[in-house]
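Descriptive analysis of the structure
This is what each chain is made of:
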There are 4 protein chains.
Amino acid sequence: MSKITTGIIGAGRIGQLHADNILNSSRYQLKAISDIHTDHLKGTRYEKEVPVITTNAQELIQDPEIDALFICSSTDTHACYIKDAARAGKHIFCEKPISFDIEETREALKVAEEAGVKFQVGFNRRFDKHFRKVYEAVQDGKIGSPHVVKISSRDPEAPPEEYIKRSGGMFMDMTIHDFDMVRYLSKSEVAQVSVKAANLLDERFSKNDDIDTAIITLTFEDGSLAVIDNSRQAVYGYDQRIEVFGDKGLVSAENESTTNVRISTKDSIVLDHPKYFFLDRYKEAYIEEIQDFAASILDGKELCCCGEDGLKAEMLALAARLSWKENRTVSIAELESVRV
Amino acid sequence: MSKITTGIIGAGRIGQLHADNILNSSRYQLKAISDIHTDHLKGTRYEKEVPVITTNAQELIQDPEIDALFICSSTDTHACYIKDAARAGKHIFCEKPISFDIEETREALKVAEEAGVKFQVGFNRRFDKHFRKVYEAVQDGKIGSPHVVKISSRDPEAPPEEYIKRSGGMFMDMTIHDFDMVRYLSKSEVAQVSVKAANLLDERFSKNDDIDTAIITLTFEDGSLAVIDNSRQAVYGYDQRIEVFGDKGLVSAENESTTNVRISTKDSIVLDHPKYFFLDRYKEAYIEEIQDFAASILDGKELCCCGEDGLKAEMLALAARLSWKENRTVSIAELESVRV
Amino acid sequence: MSKITTGIIGAGRIGQLHADNILNSSRYQLKAISDIHTDHLKGTRYEKEVPVITTNAQELIQDPEIDALFICSSTDTHACYIKDAARAGKHIFCEKPISFDIEETREALKVAEEAGVKFQVGFNRRFDKHFRKVYEAVQDGKIGSPHVVKISSRDPEAPPEEYIKRSGGMFMDMTIHDFDMVRYLSKSEVAQVSVKAANLLDERFSKNDDIDTAIITLTFEDGSLAVIDNSRQAVYGYDQRIEVFGDKGLVSAENESTTNVRISTKDSIVLDHPKYFFLDRYKEAYIEEIQDFAASILDGKELCCCGEDGLKAEMLALAARLSWKENRTVSIAELESVRV
Amino acid sequence: MSKITTGIIGAGRIGQLHADNILNSSRYQLKAISDIHTDHLKGTRYEKEVPVITTNAQELIQDPEIDALFICSSTDTHACYIKDAARAGKHIFCEKPISFDIEETREALKVAEEAGVKFQVGFNRRFDKHFRKVYEAVQDGKIGSPHVVKISSRDPEAPPEEYIKRSGGMFMDMTIHDFDMVRYLSKSEVAQVSVKAANLLDERFSKNDDIDTAIITLTFEDGSLAVIDNSRQAVYGYDQRIEVFGDKGLVSAENESTTNVRISTKDSIVLDHPKYFFLDRYKEAYIEEIQDFAASILDGKELCCCGEDGLKAEMLALAARLSWKENRTVSIAELESVRV
């Protein structure tokens, strides 16, 4: 195989993003896109450049020419498509979260594992050049043993109510990226989760049994700590900062600004804002993650974030919700035991 | 009164610091210093410039010429000196913490209140120009309603074991400054404290029933949140950063570096370290706080941090210890009820 | 015309860069590439994606289907191709400098003007997002009247001797970008040029009657000033900083770093280097400039940098050389007068 | 001698600044202050703390108890006082410039040399911690051989016309600090000076045969270069930046801001201004320079900036004026030859 023949299930914002990156990549050939609606694709470049556009995802799953599927449909459909795709021998790239239900996720991952297909989860931030450099500094021992991982992760704008309803809650929708990043950067697994959360922005959140602001403290098995602070609305732009503090030093990644320009006047010294939107901030990371997926299929490179990583982040999101709801520290072992 | 005639009880590191600042100030006259030992003061400027040097603190307390006393002796002696000094009608500047015992603190403050003397606690960071500017931005509504107060506070070097033993524990010795800063910056009082802490550096801490690393989450009465992360050892220097995040923006204070010099070579781009020691970092703040104390005595200016602020920070330190020990969220109301 | 059918003359580093950007753009169709050698294109994407690959530039110039030509061949061939292409009615995008000879440049521009074709010069930095923001701040009056334009422009690595020989000298090869930027940012034309230059790196430069380091001061017609400092070798990376100082303020653009990561240890606080290579630093600017060229052809948008801009920058480069050689201030009027 | 008994001639802004620092220093005793007027000193701390306040400078010069004199009177009186003080055996600290006339300066320095007294010039910036660190990096070979020294030096506010009249012109009054800094940082002496200057702010300057904006290029004897850009008015604050670029790297000093606070809102990201006034920006440097002078007298430490440094900076200021007036490059040898 010199190019990966690919299909995309789900052509919303994120599906189209992957479609564009796949079309621009020399390692992929985009054969098909499916979505429950296809009207919005009329007149786009996909109509001309993608041979098959269909409302039937099974067409893609059953197409013997297709090597790999990108699952970008709504979360509740992921598990089902994963299992079908795996059984059809397709490599799978699945958007986060894998599902809203741990058991469902486990089952889907088991099918994929038995089928022997590659399975990557869309934790794009692992491929961000800034965070990658933080990771490498930790791996290279530049800061010694990690003691505290800190993440500030704030969206620029609160989502509309429709989105909140279907999001699975802030922890599953937004913090899940931070949970994955915490695991990626630390050298130990999370043992306990403790959350203080609040609804400080507007009623859209509380009405939907959700929150908009949270401090999440994580205790690792080796005794070290992590803390995430989240907000659904940072009016100054997308705030994405990370630091890992260890006994030999600190490595930290600042926000990426739109430009490096500074305007100094009598009134003020003004800098440019952080990049406002995740599609802009992580533009290159989205390209990198599909290159890595290609490298795992074509070159046998080890996956950087696999199904297990998706599952673990989901478990942290569930633990966080439980901690919030019951106002107590939740141990991951509690959730594991559910398994039996 | 045109100058405040002053005595200092306790001539250790912090007592000497205040002595120097008082000697350099035009609003104070330093008449006396007492300490249990006075040998270390021989040959210093104090011998020449301070009329009375004694091992008997009562000499200062009973001296009718003395207007104000700086209490810089060991914490266990504070309450006793406060009461005696207040009854003798002296204004009091007391180093933090007021005592290790809330009831003792309450009693001392009550005596001071009844005596009608000024009482300031040595929360010097309130007078730091960076943090003061953060405070003003919050007060001026620049960031709207505060949602999350964040403090990173890390000492450059772990203290010796002897110090740890007598410190009252990390929360009472070190975090107490951060507790005060959280209260100073937010617009609400703390309702709950939740701590995850660890001993990650070396055995000196655990042997003395203490910790060296902690994440402390605070819930305010208005529902907003704060988080403090502490470490007893940041090898790159004294790490003192603060941010307040609100619905209209973010105000943050970065570390103060030794210089603004950057060296760019083939190997690296290198910046100067943060100022290494608290005496250097807060040098100007220590001067400002005694100027403010002078202004309250001489000009009737309102105190910026009074006895009540000292008490409240102590209660947060105790709540933090309890939260750590019992691995649970502690409400301040629990501690209040002890009062009855 | 919905897409611009395009040919590229010259398939070296910069020609290939444009080829890639053209192939990835929806507004262009790349029909042909010519170069005096075509062996190096075998096995590349061009072989598959570009219908015509030839050693004969005239094939492109005479092809009636081709709307626009990118002239990326060696500088001594530019003028000739420009004239032929213009007479054949092709729109022209020409790499800098247009030629090494002002009269030749004038003649080529005259032919293009008479033919009524669009003519853009490859001053890509005008399209850099940082510098564009500086430009806009100046235009918007944010800094009042410009008094001093300052540019630091240093290459990361000195070129090989072969390159130096054919470069036309540092002023024509490298400073020409800065000359254009000075004109772009200021609101007046240059009246005088004064240069101090030196050969400080190695003999490759002096052997070829060239220099590697220079301070170039420019006096504008309105009396304001500009200063450029150049070096052929900045070991810490590609150094590209700009500031415009005016009576109401300062606008400045810092270097763009590879990442925003900081590593703080006992030894040092280390930042990432500036992006090392111009192809990386100006990657997006190279895309923007051909989009702008397309917009001028397809949408009638006014050109951002036209032939006259190319000519003026060349004149400044010649004046700089004369100033260096004769160790005196050279007025642009001297060079203009040559015209008569 | 354990303390230096000191007198100050001239009690204007800078004389009072030195008086305060001397009074606060343990190495000096301030015995006397003279000024042509002494009314403005009534009711100040000097009245109480300085034994002698007089309108007669000769009282100080002839006082056998006085070891050292600070000459802070108007520039036209410096040379005369230097000679008298030197002949009376007093060590001399003289404010910049030594005089407006090179021959006068040479003569004064000769007398001081023959008298064998210490002679320091008030180039306070050599003692600034930021610039000192730049100096040390250059000395330590961190950036290899210096190729280009760059200084941006801009006053926050243009001086009143009265000041301009008596200033000796911008080069002698303001740039003289930068000329000294260029010499301090480079490893070679200046051979040539080339200036482009302008009057862009208002008529006060041209009316007094002065300018407000300049680019000054310096050529060193070893072929390396320096460039200074000056303005009499930077509305955003006192702009004092320095960089030294060499074949192994770059060392640069940024402005010192009032605070490190950043306010991020929907509208902007705002930083604090640079310190606004030279007394604030160089507060510590002014203290350091008199400590260094004390160390040279009391401990035999070598002077950091001696009379020769004062003379050389003056010569550069004169060369700059000549270059501006005659619009040509001026070699220092021309001025030297005047000597004969």
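On a predicted model such as this, the values are computed, not experimentally measured, just so you know.

Tallying the contact residues gives 38 residues for chain B and 38 residues for chain A. Both faces considered, chain B and chain A share a buried interface measuring about 2900 Å² in area, 63% of it formed by carbon and sulfur atoms. We note a salt bridge from Arg-241 of chain B to Glu-243 of chain A, for which the minimum N-O separation is 2.9 Å. The interface formed by chain B and chain A holds twelve residue pairs in polar contact (both at pLDDT 80 or more) in total.

This part is about helix H12 (residues 307-326) of chain A. Its 20 residues place the ends of H12 of chain A 29 Å apart at the C-alpha level, agreeing with the 28 Å of an ideal helix rising 1.5 Å per residue. Positive backbone phi, approximately 45°, marks Asn-327 of chain A, located one or two places after H12 of chain A.

Next up on the list: the sheet that holds strand E3 (residues 52-54) of chain D. Residue and element names in this part refer to chain D. Ordered by their spatial adjacency, six strands build an open sheet running E3-E2-E1-E4-E5-E6, and the pairing between neighbours is parallel. Looking along the sheet, the strands with just one partner apiece sit at the ends: E3 and strand E6 (119-121). The average undirected angle you get between the axes of adjacent strands in this sheet is 20°. The sheet contact formed by strand E1 (residues 4-9) and strand E4 (residues 68-71) spans four bridges and is parallel. By the bridge assignment for E4, Ile-8 is matched with Phe-70.

For the rest of this paragraph, the subject is the relation of the copies chain D and chain B. In the superposition of chain D on chain B (RMSD 0.0 Å, axial shift 0.0 Å), the rotation amounts to 180°. Expressed as an axis order, the relation between the two copies is that of a two-fold axis. For chain D, the residue whose C-alpha comes nearest the rotation axis is Asn-24 of chain D, separated from it by 3.7 Å. A share of 100% of the interface residues of chain D reappears at the interface of chain B, consistent with the copies meeting face to face through the same patch.

So, about the confidence of the model for chain A. Across chain A, the average pLDDT comes to 96, with 99% of residues at 70 or higher. With pTM at 0.95, the complex prediction returns an ipTM value of 0.94.

After a rotation of 180° and a shift along the axis of 0.0 Å, chain B superposes on chain A with an RMSD of 0.1 Å. A shared interface surface links the copies, since 100% of the contact residues of chain B are contact residues in chain A too.

Below, the discussion takes up the domain arrangement of chain A. A common way to report how large an interface is uses the accessible area buried once the components associate. All names here are of chain A. Under the domain assignment, chain A is made up of domain 1 (4-117) and domain 2 (126-284 + 312-337). For domain 1 versus domain 2, the distance between C-alpha centres works out to 27 Å. Of the residues lining the interface, eleven residues belong to domain 1; the matching set on domain 2 comes to 14 residues. Taking both sides of the interface into account, the surface hidden between domain 1 and domain 2 amounts to around 1100 Å²; carbon and sulfur atoms contribute 62%. Across the domain 1-domain 2 interface, the total number found is four residue pairs in polar contact (both at pLDDT 80 or more). When residues in the side of domain 1 that touches domain 2 are grouped by element, the largest group, three residues, is from helix H5 (residues 102-115). For the side of domain 1 that touches domain 2, the residue count by class is five nonpolar, two polar and four charged.

Residue and element names in this part refer to chain B. By the definition in use, this model includes seven cavities of 30 Å³ or more. The calculated volume of the largest cavity comes to roughly 40 Å³. The wall of the largest cavity is formed by Arg-125, Phe-131, Ile-151, Ser-152, Ser-153, Asp-178, Met-181, Gln-240, Arg-241, Ile-242 and Tyr-282. Secondary-structure elements contributing two or more residues to the lining of the largest cavity are strand E7 (146-154), helix H8 (170-185) and strand E11 (239-246). Counted by class, the lining of the largest cavity contains five nonpolar, three polar and three charged residues.

With 26 residues of chain D in contact, the opposing surface of chain B contributes 26 residues. Counting each side, the surface lost to burial between chain D and chain B is near 2000 Å², with a carbon and sulfur contribution of 52%. For the pair chain D and chain B, the interface holds two salt bridges. The salt bridge partner of Lys-133 of chain D is Asp-272 of chain B, with a shortest N-O separation of 2.9 Å. Counting across the interface, chain D meets chain B through 14 residue pairs in polar contact (both at pLDDT 80 or more). Of all the elements in the fold, those that place two or more residues in the side of chain D that touches chain B are helix H6 (129-139), strand E12 (249-253) and strand E13 (261-265) of chain D. Of the residues in the side of chain D that touches chain B, the class split is seven nonpolar, nine polar and ten charged. The sheet contact formed by strand E13 (residues 261-265) of chain B and E12 of chain D spans five bridges and is antiparallel.

The rules behind the values
- Along each chain, residue indices are assigned from 1 in the same order as the chain's sequence is written.
- All chains are assigned letters beginning with A, and all ligands numbers beginning with 1, in the order in which they are written.
- Since the coordinates come from a predicted model, pLDDT governs what is reported: local features require at least 70, and pairs of side-chain atoms require 80 or more to be given and counted, while whole-chain, interface and lining totals use all residues.
- Side-chain numbers here rest on the full set of heavy atoms in the structure, without hydrogens or water.
- Whether two residues are in contact is decided by their heavy atoms, any of which lying within 4.5 Å being enough.
- Two parts lose some accessible area (1.4 Å probe) when they are put together, and adding that loss for both gives the buried area.
- Salt bridge criterion: a side-chain nitrogen from Lys or Arg within 4 Å of a carboxyl oxygen from Asp or Glu.
- Any N or O atom pair separated by 3.5 Å or less is treated as a polar contact, with the protein-specific requirement of one donor-capable and one acceptor-capable atom, and with residues adjacent in sequence counted only for side-chain atom pairs.
- Secondary structure follows DSSP: runs of H or I at least 4 residues long count as helices, runs of E at least 2 residues long count as strands, and numbering of each begins at the N terminus.
- Expected span of a helix, by definition, is 1.5 Å for each gap between consecutive residues, and there is one gap fewer than residues.
- Only strands joined by at least two bridges in the DSSP assignment are considered to pair.
- Fitted lines through C-alpha atoms serve as axes, helices being fitted only where they are in contact, and the angles separating the N-to-C directions of these axes extend from 0 to 180 degrees.
- For the least-squares superposition of copies, only C-alpha atoms count, and only for residues with pLDDT at least 70 in both.
- How sure the predictor is of each residue is captured by pLDDT, a score from 0 to 100.
- Residue ranges labeled as domains rest on an automatic or database domain assignment.
- Each residue is assigned to one class: nonpolar for Ala, Val, Leu, Ile, Met, Phe, Trp, Tyr, Cys and Pro, charged for Asp, Glu, Lys and Arg, and polar for all the others, Gly among them.
- Points on a 1 Å grid over protein atoms alone make up a cavity when a 1.4 Å probe fits among them but cannot get out, and a pocket when they form an open set with protein on both sides within 12 Å along at least five of seven lines; lining residues each have an atom within 4 Å of a point.
- Grid points are joined across faces, edges and corners, and a volume is the space filled by probe spheres set on the points.

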